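# Structure assessment
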Amino acid sequence: CHAGGCDRRLAGQNEVTSLAQRLAAALAPLADALDMPSKKVAAPMLAEMQQAGVQWPDDFHPALLASHDGMVATFERKGGRGALIQSIGEKDSALFQLEGIDGEIHSATWDGSGLLVVTSSGTLAECAGVAAGGKWACRQMSVERLPAGFKAVAVARQSTNLLRAVVVFEGEDTVVLMDQTQDGTWVPAGEVRMPVADSVSFYLSLANQAQDLIISSADGAVIKRTISDRSAHKIVASARGTNVAWHGACGMAGDRVAHLASENGVVPMLFVTGAARS
């Protein structure tokens with residue numbers, strides 16, 4: 001991520017002035033590994049994608065999902081409602097309410113400490129543990145807000161316990177990598193070219209302690225890349241369907257992927273793959 005590249009993506013955002021001033025300190029070897037010409041998408045043999053026969057709550061329309069320890073949580077963007085699936089293969093899902101979330105949800109990542117949520121304002125919230133009794137309590141984190149103007153975002157904890165964010169800003173065709181500092185601020189740390197057209201809607205997710213970037217697109221493809229690796233993006237799952245709208249995806253244990261969809265834009269469907277074969 002060179003100075004001009006990051007400045008163009010963050011220009012015009014009020015929160016970004018201080019970020020630009022800290023840019024030089026953020027250009028680590030990881031940034032050098034990311035700032036390179038885009039490569040063609042690799043074409044491994046795709047893992048088989050199967051629909052999980054989940055019974056969803058009435059009038060529930062999730063677009064986001066997160067997974068941890070075999071469980072899957074799905075979320076509506078507005079209102080903070082979610083549904084928890086204890087394990088793939090179970091049909092029942094339990095409705096819950098995220099408490100303490102202010103604004104539309106743009107992403108959710110689940111790890112051993114709990115849920116990390118990013119709202120439309122760039123604010124981060126942490127929801128400890130797992131939903132219980134129909135509620136999942138959340139609190140706003142004492143972390144600098146992410147810059148405004150993003151159209152896709154995801155945040156996850158690294159092995160250092162500091163946060164990493166991946167952000168695509170409106171009108172841009174690259175994923176900007178941002179790392180949290182010890183004082184809770186964000187510094188740009190690299191960029192990755194988007195492997196999907198700007199005209200295609202998509203979702204971002206992070207897995208494996210923020211080392212793997214997952215991009216799910218509206219055409220049913222799920223693309224994965226290890227951030228620190230110079231290898232090409234890999235399509236790890238792809239699906240088609242009549243009258244099916246594709247939403248968010250997330251990584252699962254064993255290199256599996258879960259992908260959320262809806263039939264006729266209304267009825268939720270959850271698809272899960274096994275590991276992709278190279």
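These lines cover the structure that appears in this document, whether it is placed above or below. (Residues numbered from 1 in each chain as written. Predicted model: local features only at pLDDT ≥ 70, side-chain atom pairs only at ≥ 80, totals over all residues. Heavy atoms only, no water.)

### Some remarks on the overall build of the chain
The following threshold applies: Put simply, DSSP marks the helices as runs of H or I at least four residues long and the strands as runs of E at least two long, and each gets a number from the N terminus on. Per-residue accessibility, obtained with a 1.4 Å probe over protein chains only, is compared with the maximum for each type, and a residue is labelled buried under 20%, exposed over 50%, and partly exposed between these values. In what follows, residue pairs with any heavy atoms lying within 4.5 Å of each other are defined as contacts. Computed with the Shrake-Rupley method and a 1.4 Å probe, the accessible areas treat only the protein chains shown as cover for residues.
When its secondary structure is counted, the chain shows four helices and 21 strands. The proportion of buried residues among the 278 residues of the chain is 53%. A separation threshold of at least 6 residues defines the contact pool for the chain, and within that pool the share at least 24 residues apart is 48%. Approximately 12200 Å² of the chain is accessible, and the part contributed by carbon and sulfur atoms is 48%.

### Structural notes on the sheet that holds strand S6 (residues 105-111)
Formally: A pair of strands is treated as paired once DSSP finds two or more bridges between them.
The strand order across the open sheet built from four strands is S6-S7-S8-S10, with neighbouring strands paired in antiparallel fashion. Strands with a single pairing partner mark the edges of an open sheet, and in this sheet they are S6 and strand S10 (139-140).

### Thoughts on the pattern of salt bridges
Our working rule: Think of a salt bridge as a Lys or Arg side-chain nitrogen and an Asp or Glu carboxyl oxygen that are within 4 Å of each other.
This structure, assessed with the given rule, holds eight salt bridges. Glu76 is the partner of Arg81 in a salt bridge, and the nearest nitrogen-oxygen pair spans 3.0 Å. Relative accessible area serves as the criterion here: at 22%, Arg81 is assigned to the partly exposed category. Overall, the relative accessible area of 9% leaves Glu76 in the buried class. Residue Glu126 is joined to Arg139 by a salt bridge in which the shortest nitrogen-to-oxygen separation is 3.0 Å. With Glu126 in strand S8 (residues 124-128) and Arg139 in strand S10, this pair connects stretches of sequence that are 13 residues apart. Since its relative accessible area comes to 15%, Glu126 is described here as buried. Among the charged side chains, a network of salt bridges with common partners joins Asp111, Glu126, Arg139 and Arg157.

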